[in-house]
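Each chain is listed here by its residues.
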Amino acid sequence: MRISEQSKQENRGRILEKAAELFIARGFEDCTTRDLAMAAGLATGTLFNYFPSKETLAMTMVAEALNRGREDYRRRRAGKEELAEDLFLFISSGLRRLRPLRPFLGPVLERSLSPFPRKTICPEGEAARLEHLAGVQEIIGRHGFTEAPDYVALTMYWSLYLGILAFWTSDTSTNQEETQSLIDYSIRMFVQVISGNGSDRGEAHAG
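Reading the values: rules and limits
- Residues numbered from 1 in each chain as written.
- Predicted model: local features only at pLDDT ≥ 70, side-chain atom pairs only at ≥ 80, totals over all residues.
- Heavy atoms only, no water.
- Helix = DSSP H or I, 4+ residues; strand = E, 2+ residues; numbered from the N terminus.
- Buried < 20%, exposed > 50% of the residue type's maximum accessible area, 1.4 Å probe, protein only.
- Areas by Shrake-Rupley, 256 points an atom, 1.4 Å probe, with all protein chains shown as cover.
- Lys, Arg positive; Asp, Glu negative; His and termini not counted.
- Charge placed at Lys NZ, Arg CZ, Asp CG, Glu CD.
- Core = buried A, V, L, I, M, F, W, Y, C linked by side-chain atoms within 4.5 Å.
- Axes fitted to C-alpha atoms, helices over the stretch in contact; angles between N-to-C directions.
- Parallel < 35°, antiparallel > 145°, perpendicular 65-115°, else oblique.
- Contact = heavy atoms within 4.5 Å.
- Nonpolar A, V, L, I, M, F, W, Y, C, P; charged D, E, K, R; others polar.
- Left-handed = near helix turned anticlockwise from the far one by under 90°.
- Salt bridge = Lys/Arg side-chain N within 4 Å of Asp/Glu carboxyl O.
- Polar contact = N/O pair within 3.5 Å; in protein donor to acceptor, adjacent residues only side chain to side chain.

## Some details on the overall build of the chain
A tally of helices and strands in the chain yields nine helices and zero strands. Secondary structure elements of the chain occur, N-terminal to C-terminal, as α-α-α-α-α-α-α-α-α. The principal-axis extent of the C-alpha atoms belonging to the chain is close to 60 × 40 × 35 Å. Counting over 207 residues, the chain shows a buried share of 43%. Accessible surface, the chain: about 11,400 Å² in total, of which carbon and sulfur atoms supply 52%. The average position of the 26 basic charges and that of the 28 acidic charges among the side chains of the chain differ by 5 Å.

Set out below in structure tokens:
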């Protein structure tokens, strides 16, 4: 029997909802695809029609949360922020949306966003990386850097960002205040690299 598009979307939403509950309750590593399918009321084979792996399923949650974070960022920015403030708002908006997933995110991000060479690349993780970096380049361009930073600068930024994510997943400080400090320090270091003189503005780099 052919399933309607509405039913597909309902199944997809139910899978994501139940998977999040299981990952939080048991941990990412201890959940099997069979567990996830049963929680969603589907056969394991049917689950694979929506998500080919547990990693893909979890990273889809991450990507959707980051998308909502970007929307929040666009609504919250006043347009008068300096570059470091703009980047801080961009990153913190994403983390705020990721917060409900925080209990199980460590191994998910390690597998899907690792900078080390891997035999297989998670498409959802790679898409999330590229979308995030595109957002960073858009912000930088808006502050006067008309040419995109070279691969060295962007590689440095991504390394700093992964460090922030790794620290944040296990940050036990109140309201993750230590992560806030790490974001601030990392951003200012990055701004200094791309400006070349420690300035928070990009006029000298404009064409």
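Additional details are given in the paragraphs that follow.
## Section: the nonpolar core
Membership of the largest hydrophobic core comes to 58 residues, with the highest contact counts inside it found for Phe23, Met61, Ile91 and Leu98. Of all the secondary-structure elements, those providing two or more residues to this core are helix 1 (5-26), helix 2 (33-40), helix 4 (54-76), helix 5 (83-98), helix 6 (105-112), helix 7 (123-142), helix 8 (151-169) and helix 9 (177-195).

## Re the packing of helix 8 against helix 9
Think of two packed helices as two axes; the pair is described by the angle between the axes and how far apart they sit. Two numbers describe how helix 8 lies on helix 9: the axes approach to 10 Å, and their chain directions differ by 175°. By the angle class used here, helix 8 and helix 9 are roughly antiparallel. Residues Ala153, Met156, Tyr157, Leu160, Gly163, Ile164, Phe167 and Trp168 of helix 8 pack against Glu178, Thr179, Leu182, Ile183, Ser186, Met189, Phe190, Val193 and Ile194 of helix 9. Among the residues making up the contact of helix 8 with helix 9, the classes are represented as 13 nonpolar, three polar and one charged.

## With respect to the packing of helix 4 against helix 5
Relative to each other, helix 4 and helix 5 sit at 135°, their axes nearing to 7 Å. For the element pair helix 4 / helix 5, the angle class is oblique. Helix-helix and strand crossings are classified by hand; for helix 4 and helix 5 the assignment is right-handed. The residues of helix 5 that touch helix 4, namely those facing Val62, Ala65, Leu66, Arg68, Gly69, Arg70, Asp72, Tyr73, Arg75 and Arg76, are Asp86, Leu89, Phe90, Ser93, Gly94, Arg96, Arg97 and Leu98. Of the residues that constitute the contact of helix 4 with helix 5, the class distribution is seven nonpolar, three polar and eight charged.

## Here's the deal with the environment of Lys18
Examined against the element boundaries, Lys18 turns out to sit in helix 1. Judged by relative accessible area, which is 26%, Lys18 ranks as partly exposed. With residues near it in sequence (within four places) discarded, Lys18 still touches Ala39 and Ala40.

## Looking at the pattern of salt bridges
According to the stated counting rule, one finds 13 salt bridges in the structure shown. Between Asp72 and Arg75 there is a salt bridge, with the nearest N and O atoms lying 2.3 Å from each other. Of this pair, Asp72 and Arg75 both sit in helix 4, separated by three residues, roughly a single helical turn. Several salt bridges converge on common partners, so that one network encompasses Arg77, Asp86, Glu138 and Arg142.

## So, the side chain of Asp171
As for its placement among the helices and strands, Asp171 is situated in the loop between helix 8 and helix 9. An unpaired buried charge is present at Asp171: no salt bridge exists, and Arg102, the closest side chain of opposite charge, is 5.4 Å distant. Among the polar contacts listed, one links the side chain of Asp171 to the side chain of Ser173, at a separation of 2.7 Å. Discounting residues that sit within four places of it in the chain, Asp171 has contacts with Arg102, Gln176, Glu177, Glu178 and Thr179.

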